[in-house]
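Summary of the model geometry
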Amino acid sequence: MTSHKTAQTMKPATAAKKLGVYLEATPAEFQEGVVSRTEFNALQADPPEWLRELRRNGPHPRPVVAAKLGVSISGLARGGVTEALTTEQIDALKQEAPEWLRQERTTQAEVRKEAVRIKEKHAARAARAEDAQS
């Protein structure tokens, strides 16, 4: 008895998320079809011009916008940014540096600092436990 392997596929929304692009800005044939693992790997290895253009200029999905601004996705929402933004719009926001953006960047820096502190604390605790077992 032979088993037939079926190609792994993903929905366009999943592929767009993994590629870091805004689904609604992708070509219609990408949005309407399914993406096989082979096609996805090809898109990553040798992106077509439309994908390079989207990555370069946007519009970008919220996770990418948040990363480019140095804030969390929640911080974007608190700042009233709910739509995808282009690179130009992101650069303009950076130049304007509104109060909400400054505050969210400060909050994000504190969160990262706390995460490092906790990680170091756990590492020290693990080292002490290991020494105690020796």
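So, a few notes on the structure that sits alongside this text. Just so it is clear, the model here is predicted, and its values are computed rather than measured.

This part is about the packing of helix 1 (residues 12–19) against helix 3 (residues 37–45). Across the interface, helix 1 lies against helix 3 with an axial gap of 11 Å and an inter-helix angle of 30°. Compared by their axis directions, helix 1 and helix 3 come out roughly parallel. In the crossing of helix 1 with helix 3, the sense of the turn from one axis to the other is right-handed. Within the contact between the two elements, helix 1 uses A15, K18 and L19 and helix 3 uses R37, F40, L43 and Q44. Taken together, the residues of the contact of helix 1 with helix 3 sort by class into four nonpolar, one polar and two charged.

We now examine the pattern of salt bridges. In this structure the tally under the stated criterion is six salt bridges. Residue E49 is joined to R52 by a salt bridge in which the shortest nitrogen-to-oxygen separation is 3.0 Å. On the criterion of helical spacing, the pair formed by E49 and R52 is a turn pair, its members being three residues apart in helix 4 (residues 49–57). Residue classification places E49 among the partly exposed positions, given a relative accessible area of 43%. We note a salt bridge from E104 to R78, for which the minimum N-O separation is 2.8 Å. Of this pair, E104 sits in helix 8 (residues 99–133) while R78 is found in helix 6 (residues 73–78), placing the two residues 26 residues apart along the sequence. Since its relative accessible area comes to 54%, R78 is described here as exposed.

Reading the values: the criteria
Residues numbered from 1 in each chain as written. Predicted model: local features only at pLDDT ≥ 70, side-chain atom pairs only at ≥ 80, totals over all residues. Heavy atoms only, no water. Axes fitted to C-alpha atoms, helices over the stretch in contact; angles between N-to-C directions. Helix = DSSP H or I, 4+ residues; strand = E, 2+ residues; numbered from the N terminus. Parallel < 35°, antiparallel > 145°, perpendicular 65-115°, else oblique. Left-handed = near helix turned anticlockwise from the far one by under 90°. Contact = heavy atoms within 4.5 Å. Nonpolar A, V, L, I, M, F, W, Y, C, P; charged D, E, K, R; others polar. Salt bridge = Lys/Arg side-chain N within 4 Å of Asp/Glu carboxyl O. Buried < 20%, exposed > 50% of the residue type's maximum accessible area, 1.4 Å probe, protein only.

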